[in-house]
Amino acid sequence: MLIDGHGRSVNYLRVSVTERCNFRCQYCMPEKPFSWVPTENLLSFDELFKFIKVAIDEGINKVRITGGEPLLREDLDKFVKLIHDYKPDIDLAITTNGFLLPNVAHKLKDAGLKRLNISLDSLKPAVAAQIAQKNVLSHVLEGIEKALEVGLTVKINMVPLKGINENEILDILEYARERNIRIRYIEYMENVHASSNIKGMHGKEILNVIKSRYTIKKIGRVSNSPSFNYEIQENGYIFGLIDPHKHDFCEDCNRIRLTAEGHLIPCLYFDEAQSIAEAVKENNIDRATAILKDVLANKPKENRWGSDDEENSSNRAFFETGG
Ligand code: SAM
Ligand code: SF4
């Protein structure tokens, strides 16, 4: 079992396999970054897998593949299969924008994937295009249907933004409810890479919109999930709210993050990281294990977002850390 310097048990590893993306979401990567990590600096799937094995052997039992857009990386299904075959009972999931899913959902399912989180910010083609800065909606919706058809469990992530998609909070909830999919609303998290002219909605504002139609009851956090769940009394549907401006989810934070070039990051909101790249390239398992333990010993107590002041804005790029 892995325990961090604050006594928290850590069992969840998020792995970003690329920082590149086929969208330019305003809250994440509105401009193509000044420079991408050169392809030769990216760890191969075999190298990433070497570290994942170390992490699993030490007690990680939940792995999420993310990005950038993870489906841009060729042969992702083979990477999924490596992890699945090593530990078939691992909770293995992918977070994707869904655009490329129609062609690969079945391959991912066959490789052993069980769960997918798909970002869906709007059901209106023009609004989806305004947020992603690309005409994306029909592919994303097709991707969701395909994932459901092949038997993957799907969750939807929505980032409500003032004056852009705030009037779709209920529409997307109904879309998800009709398909028996869980939706999680994510508060916009300020970061220096996002467009300067967007403003997120606070958790309370999001809940108020839902309360305008329904009576909702707090359920609570499920184990270490950052999502706080609520139940709609009229129909029993459960939705989630991820509210990082509150610090209560840091109390039992159970996760660490690995970037595509091998930086092991203890907290999404801090710049500190250590590289496991050399260790896996040298096949030095002891060194990789020691770095993992050192990063955990220095995992910060809580994130830095107390309000939406600019000084609380993170330098970390979501497309680098995988959100
Ligand atoms: N490209 C994939 C996607 O969009 O789902 C995976 C990577 S993306 C960085 C992971 C998650 O982070 C997405 O659900 C996205 O909505 C969320 N995200 C990105 N930037 C964010 C921000 N500034 N505030 C809140 N959530 C953000
Ligand atoms: Fe790409 Fe996901 Fe970031 Fe949007 S949120 S730009 S889809 S990485």
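Everything discussed here concerns the structure shown above.
No experiment lies behind these values; they were computed from the predicted model shown. (Residues numbered from 1 in each chain as written. Chains lettered and ligands numbered in written order. Predicted model: local features only at pLDDT ≥ 70, side-chain atom pairs only at ≥ 80, totals over all residues. Heavy atoms only, no water.)

Caption draft 1: Helix α4 (residues 125–132), seen in detail. Among all positions of α4, only V127, A128, I131 and A132 are buried. Buried residues of α4 fall within an arc of 120° about the axis and therefore sit on the same side. Buried-residue contacts for α4 involve α5 (137–149). Positive phi appears at Q133, one or two residues downstream of α4, with a value of about 55°. (Buried < 20%, exposed > 50% of the residue type's maximum accessible area, 1.4 Å probe, protein only. Helix = DSSP H or I, 4+ residues; strand = E, 2+ residues; numbered from the N terminus. Arc of directions from axis to C-beta. Contact = heavy atoms within 4.5 Å.)

Caption draft 2: Structural context of the side chain of S195. With respect to the helices and strands, the residue S195 is situated in the loop between β8 (182–186) and α7 (203–211). With near-sequence residues (within four places) excluded, S195 lies in contact with Q26, P30 and Y188.

Caption draft 3: Representation of the pattern of salt bridges in the model. Tallied over the full model, the rule gives 15 salt bridges. One salt bridge connects K281 with E47, and the closest N-O pair in it is separated by 3.5 Å. Residue K281 is located in helix α8 (residues 277–281), and its partner E47 is located in helix α1 (residues 45–58); the two are separated by 234 residues in the primary sequence. Given the relative accessible area of 48%, K281 is considered partly exposed. D75 serves as the salt-bridge partner of K78, at 3.5 Å between the closest nitrogen and oxygen. Residues participating in the shared-partner salt-bridge network are E145, E178 and R179. (Salt bridge = Lys/Arg side-chain N within 4 Å of Asp/Glu carboxyl O.)

Caption draft 4: Inspection of the packing of aromatic side chains at higher detail. Taken as a whole, this structure holds six aromatic pairs when the rule is applied. On the numbers, 5.7 Å between centres and 85° between planes, the contact of F23 with F99 is edge-to-face. Here the residue F23 occupies a position in the loop between β3 (12–16) and α1, and F99 occupies one in the loop between β5 (91–96) and α3 (101–111), the gap between them amounting to 76 residues. For the pair shown, F23 and F99 are each scored as buried. With 6.0 Å between their ring centres and 75° between their planes, Y185 and F239 make a pair best called edge-to-face. Residue Y185 is found in strand β8, and its partner F239 is found in strand β11 (residues 238–242); the two are separated by 54 residues along the sequence. An identical accessibility class is assigned to Y185 and F239; each is buried. Within the aromatic cluster, the residues linked to one another by ring pairs are Y185, F228, Y230 and F239. Positioned above the aromatic ring of Y86 is the side chain of K53, whose terminal nitrogen or guanidinium carbon lies 5.9 Å from the ring centre. (Phe/Tyr/Trp six-rings, centres within 6.5 Å; stacked < 30°, edge-to-face > 60°. Lys NZ or Arg CZ within 6 Å of the ring centre and 35° of its normal.)

These figures capture arrangement, not role.
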